[in-house]
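Overview (structure and organization)
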Amino acid sequence: AVVSTQSTGGLYIKTPRPRETFKTFTTRMTLKDMDNRTEGLIVDGTPCLISEQIGWEQRYPWASHPPYTNADLIRYITPDAKIIAIVRDPVERLWSDFLYFDQGEKRTPEMFARDVAKEIERFDLCLETRDLRYCCYSDQNSLRVELSLGIYICFIQDWWENFGDNLLILTLENYHNNQLGTLLDVFDFIGVSVDKDDLGRFLKSSQIENERTKSSKIQGDMLAETRLKLRDFYQPYNLMLARYLQDNKYLWGY
């Protein structure tokens, strides 16, 4: 998430709204919406902001990696923005992502195993002629099995170098184990006062979003050999992240 705490005219969206295009959003958010508001928070929660850099290879064919990233752009436009990144065990993230974008295909553990093997082979071939950063940001990465998104060190380093202490990194596992404590840390990070008891009551009454569908639950878990293959692939990159952030929780136990 990108949180800007600058004086911006107090751009607020108070209630959930259907998805809309940027054009309809800007049309709706007229000057009238900003009357009598001098300060506020603007929050963007686009997940792909942390890693996506579409088309850079075509625009800059001479470059060995992206000349700039979303972290550079946001730093330039809103240098005081606060960034929140949520990561999880990259093996489980990849399996969850594979099922979430099923689109009626009825994806199976066997399909996942085949796709993972192909993408690991393709990524390793990329590393034979290019460096890690090029391969992580490459448009050649599969959109079906987004293997490179779990190589967090590649992306986190770009954001840390731009924002330093204005970057808060959370793990999904810690959030599941301590929702209240994690959210209190988030509100403290962005400078918003909340009542702990009110927040606790809100969490108890809230519902989980984006749970696995019944059809995906029928498929069960990924194959054991696929999990081992992915753990072997991600382990050195998890170690790089743990050393960079000086925290062994990013090893995820393997």
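I will try to describe carefully the structure that is included in this document.

Criteria and thresholds
- Residues numbered from 1 in each chain as written.
- Predicted model: local features only at pLDDT ≥ 70, side-chain atom pairs only at ≥ 80, totals over all residues.
- Heavy atoms only, no water.
- Salt bridge = Lys/Arg side-chain N within 4 Å of Asp/Glu carboxyl O.
- Helix = DSSP H or I, 4+ residues; strand = E, 2+ residues; numbered from the N terminus.
- Buried < 20%, exposed > 50% of the residue type's maximum accessible area, 1.4 Å probe, protein only.
- Phe/Tyr/Trp six-rings, centres within 6.5 Å; stacked < 30°, edge-to-face > 60°.
- Lys NZ or Arg CZ within 6 Å of the ring centre and 35° of its normal.

**Regarding the pattern of salt bridges**
- Across all of its chains, the model carries eight salt bridges by this definition.
- The partner of R227 in a salt bridge is E92, with the nearest N and O atoms 2.9 Å apart. A residue pair is termed long-range when its members are at least 10 positions apart, and R227 in helix α12 (residues 224-245) and E92 in helix α4 (residues 90-100) qualify at 135 residues.
- Accessibility expressed as a relative area gives 17% for R227, which makes it buried.
- D247 serves as the salt-bridge partner of K249, at 3.8 Å between the closest nitrogen and oxygen.
- Residues participating in the shared-partner salt-bridge network are E92, D221 and R227.

**Some details on unusual backbone geometry**
- Positioned with a positive phi, Q246 is a non-glycine residue whose angle comes to about 55°.
- Here Q246 lies in the segment after α12.
- Phi is positive for W252, close to 55°, though the residue is something other than glycine.
- Relative to the helices and strands, W252 is located in the segment after α12.

**Topic: the packing of aromatic side chains**
- According to the stated counting rule, one finds 14 aromatic pairs in the structure shown.
- For the pair W56 and Y134, a centre-to-centre distance of 5.1 Å together with 80° between the ring planes defines the contact as edge-to-face. Note that W56 is positioned in helix α2 (residues 56-59) and Y134 in helix α6 (residues 132-137), a separation of 78 residues in sequence. The burial state of W56 is the same as that of Y134; both residues are buried.
- Taking the centre distance of 5.7 Å and the plane angle of 80° together, the rings of F123 and F233 count as edge-to-face. Separated by 110 residues along the polypeptide, F123 in helix α5 (residues 109-129) and F233 in helix α12 bring together distant segments of the chain. Taken individually, F123 and F233 each receive the classification buried, so the pair is uniform in this respect.
- An aromatic cluster of three or more residues is present, and its members are F123, F233, Y234 and Y237.
- One cation-aromatic arrangement involves R107 over F98; the distance from NZ or CZ to the ring centre is 4.7 Å.
- One Lys or Arg, R130, reaches over the ring of Y134 and ends 4.3 Å from the middle of that ring.

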